[in-house]
Amino acid sequence: MSNPDEMVNIRNPIVFFILTWLFVLVLYSLQYSKLLTVLSNSTLLYIGLSCSSFAASYLFVISITKKWDGKTTYFSNIGINKVLKIVFFIWLSLTLVEIAYFRSLPLLALLGIGAGAYTEWGIPSLHGLLNAMIIALSNYFFYLFLTTRNKKYLWFFLFCLCWPILLVTRQVFMSMSVQAVLTYIFLNKFKAKTVFTIALVALCVVFLFGFVGDLRAGDSLMFINLAQPSDDYPAFLPSGFLWVYIYVTSPLNNVNFNIDKYPGFAFNPSYVLSSFFPSFIRNMIFEKENIFDFKLVNQYLNVSSMFPNYLGAFGYWGSILFYFVLGTIFSLVYVKATRKNVNIKWIFIIVVLLHNILFSVFVDFFSNLVFIFQMILHYFIGTKVKFKDDQV
């Protein structure tokens with residue numbers, strides 16, 4: 001049975017959403033980049049109301065689920081390795097097709113072995129589904145390592161983690177890393193050792209994020225000139241910190257720059273629905289018209305968080321109402337995931353949702369086909385795994 005005390009649990013997607021966006025507001029207020037515009041009252045109110053709408057949705061869900069009996073079917077883990085082998089074989093076979101088609105890998109091309117830009121690597125639509133498969137596999141390998149302590153699963157997980165480095169794609173690397181941390185959080189109680197481990201992993205990710213970023217840019221000075229750090233920025237920090245700071249704050253900067261262009265209410269669902277379709281279908285059905293004349297503060301910093309999709313689809317006030325619906329879905333999954341003897345599929349689905357919330361700072365992953373497909377994979381694969389009571 002769910003109860004209001006769960007509202008303070010960081011595993012709760014509603015709490016996670018609120019804390020994530022409060023953190024962004026704190027970083028933005030530091031004004032460590034000269035690119036950042038002054039935060040408008042409209043933007044501040046919008047984020048506050050968005051958080052309030054999500055919070056209201058959770059209170060609504062626990063009020064209607066309090067009479068549920070809390071029993072969940074639980075499955076044997078017999079056959080999970082066989083299923084993972086099948087998924088891995090499909091992923092590997094289709095990945096080899098991509099490698100044969102492009103005759104190289106992005107990292108090798110950067111080193112002069114082969115040709116082609118990393119931004120053009122991958123067969124459209126197929127590549128996104130393969131990314132979903134390898135991220136889902138990384139979840140299970142990491143989970144199996146934590147629960148069995150069998151090092152072979154750790155090596156499989158590290159292989160998955162190295163793959164996006166070969167592709168020079170930080171997004172997949174970050175998704176794997178973040179979801180691994182979230183899985184670790186679900187499987188362990190919060191202790192000093194747990195917090196230290198998470199902090200250490202976070203630092204490693206920041207360093208690698210900066211390393212890959214500098215590799216892609218070709219020169220760290222190029223990014224410093226783009227980021228325009230203020231005089232107050234602690235320049236002694238490694239480049240990864242500036243990369244992270246700009247990536248976290250620049251999306252809100254773009255939203256803040258355009259917030260007053262949106263009407264109070266609108267109904268253009270294509271802003272959200274278009275992401276549910278593979279790219280080759282999406283380009284035929286949906287137009288790319290920028291009807292609200294959304295402008296970037298800087299053309300090279302072109303991400304704008306999750307908000308523009310919903311502002312464009314439903315308007316300023318309409319999107320606030322939609323967040324209540326979205327929050328209700330998150331809360332129902334969370335109630336399912338926090339019951340005793342819960343099937344592991346619900347844990348992984350909530351991990352993906354928490355991941356999407358964290359990355360809502362940059363982009364709308366809630367309607368992204370890659371992560372929708374990842375949740376579908378978890379739903380079917382996860383029926384082969386049980387989640388023990390002593391791991392909750």
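Residues numbered from 1 in each chain as written. Predicted model: local features only at pLDDT ≥ 70, side-chain atom pairs only at ≥ 80, totals over all residues. Heavy atoms only, no water.

**Q** Can you help me understand helix α6 (residues 151-166) in this one?
**A** Residue pairs three or four apart in sequence face the same way in an α-helix, which turns once every 3.6 residues. Over its 16 residues, α6 runs 23 Å from end to end, which matches the ideal 22 Å to within 8%, given 1.5 Å per residue. Taken residue by residue, α6 has Y153, F157, C160, L161, W163 and P164 as its buried positions. Within α6, the buried residues cover an arc of 140° as seen down the axis, which keeps them to one side. Residues of α6 that are exposed and point over 90 degrees away from its buried face: K151 and W155. Of the surrounding elements, those touching the buried residues of α6 are α3 (80-102), α5 (126-148) and α7 (170-187). Among the residues of α6, the N-terminal cap falls to N150, whose side-chain oxygen and the backbone nitrogen of K152 are separated by 3.0 Å. Looking one or two residues beyond α6, the residue adopting positive phi is V168, at roughly 50°. (Helix = DSSP H or I, 4+ residues; strand = E, 2+ residues; numbered from the N terminus. Expected span 1.5 Å × (residues − 1). Buried < 20%, exposed > 50% of the residue type's maximum accessible area, 1.4 Å probe, protein only. Arc of directions from axis to C-beta. Contact = heavy atoms within 4.5 Å. Polar contact = N/O pair within 3.5 Å; in protein donor to acceptor, adjacent residues only side chain to side chain.)

**Q** Sorry if this is basic, but what is going on with the environment of K261 here?
**A** Looking at the element boundaries, K261 is found in the loop between α10 (239-258) and α11 (270-273). Given a relative accessible area of 33%, K261 falls into the partly exposed group. Measuring from C-alpha to C-alpha, the distance between K261 and D293 comes to 8.0 Å, with 32 residues separating the pair along the chain. Filtering out sequence-adjacent residues up to four positions away, K261 remains in contact with F292, D293, F294 and K295.

**Q** What am I meant to see in the environment of V15 here?
**A** Here V15 lies in helix α1 (residues 13-30). When the C-alpha positions of V15 and F54 are compared, they lie 8.8 Å apart, and in sequence the two are 39 residues distant.

**Q** How do you make sense of the side chain of H355 when you look at a structure like this?
**A** Inspection of the secondary structure puts H355 in helix α14 (residues 344-358). If near-sequence neighbours (up to four positions away) are discounted, H355 is found in contact with S175, V178, Q179, L182, F365 and F371.

**Q** How should I be thinking about the nonpolar core in this particular structure?
**A** The tendency in soluble globular proteins is for nonpolar side chains to be buried as a group. W21, Y46, L84, F307, Y323 and F330 are the most contacted members of the largest nonpolar core, which has 105 residues in total. Per-element accounting of this core gives the leading share, 14 residues, to α5. For Y323, the contacting residues outside a window of four places in its chain are Y46, S50, S53, F54, M306, F307 and Y310. (Core = buried A, V, L, I, M, F, W, Y, C linked by side-chain atoms within 4.5 Å.)

**Q** Where do I start with the packing of α3 against α6 in this structure?
**A** For any two helices packed against each other, one specifies the inter-axial angle together with the distance between the axes. Relative orientation of the contacting elements α3 and α6 amounts to 30°, with a least axis distance of 14 Å. Between α3 and α6, the interaxial angle falls into the category roughly parallel. In this structure, the crossing between α3 and α6 has a hand that is left-handed. Between α3, through N81, F88, W91, T95 and I99, and α6, the contact on the second element is made entirely by Y153, F159 and W163. (Axes fitted to C-alpha atoms, helices over the stretch in contact; angles between N-to-C directions. Parallel < 35°, antiparallel > 145°, perpendicular 65-115°, else oblique. Left-handed = near helix turned anticlockwise from the far one by under 90°.)

**Q** Please clarify how unusual backbone geometry should be interpreted in this entry.
**A** As a rule of thumb, non-glycine residues mostly have phi less than zero, and peptide bonds are mostly trans rather than cis. Even without a glycine there, the phi angle at R149 is positive, about 60°. Phi is positive for S305, which is not a glycine, with a value near 70°. Within the secondary structure, S305 is located in the loop between α12 (279-285) and α13 (307-337). Residue S305 is classed as buried on the basis of its relative accessible area, which comes to 7%.

**Q** What's the story with the packing of α5 against α6 in this structure? I'm lost.
**A** The geometry of α5 relative to α6 is characterised by a closest axis approach of 8 Å and an angle of 155° between their N-to-C directions. Overall, the two elements α5 and α6 adopt an arrangement that is roughly antiparallel. The chirality of how α5 crosses α6 is left-handed. Contacts from I134, L137, S138, F141, F142, L144, F145 and T148 in α5 reach K151, Y153, L154, F156, F157 and C160 in α6.

**Q** Help me out: how do you make sense of the packing of aromatic side chains in this one?
**A** The geometry of two aromatic rings is summed up by the distance between their centres and the angle between their planes. For the structure on display, the rule yields 29 aromatic pairs. Ring centres of F54 and F330 lie 6.0 Å apart, and the angle between their planes is 15°; this geometry places the pair in the stacked category. Taken together, the residues span a long stretch of sequence, with F54 in helix α2 (residues 41-64) and F330 in helix α13 at a distance of 276 residues. The exposure class assigned to F54 is buried, which follows from its relative accessible area of 0%. Ring centres of F88 and W91 lie 5.7 Å apart, and the angle between their planes is 35°; this geometry places the pair in the tilted category. Of this pair, F88 and W91 are both found in helix α3, 3 residues apart, which corresponds to roughly one turn of the helix. (Phe/Tyr/Trp six-rings, centres within 6.5 Å; stacked < 30°, edge-to-face > 60°.)

**Q** Can you walk me through the confidence of the model for the chain in this structure?
**A** Detail in the predicted coordinates should be disregarded across regions flagged by low pLDDT. In the predicted model, the chain carries a mean pLDDT of 80, and the fraction of residues at 70 or more is 77%. In this model residues 1-5 is a low-confidence stretch, pLDDT under 50, and it forms 9 contacts with partners more than four residues away in sequence or in other chains. The low-confidence segment residues 68-76, where pLDDT is below 50, has 24 contacts with residues more than four positions distant or belonging to other chains. (pLDDT = per-residue confidence, 0-100.)

**Q** Just checking my understanding: could you explain the environment of K295 for this structure?
**A** With respect to the secondary-structure elements, K295 resides in the loop between α12 and α13. For the pair K295 and N254, spaced 41 residues apart in sequence, the C-alpha separation works out to 7.4 Å. Among residues more than four places away in sequence, those in contact with K295 are N254, F257, N258 and K261.

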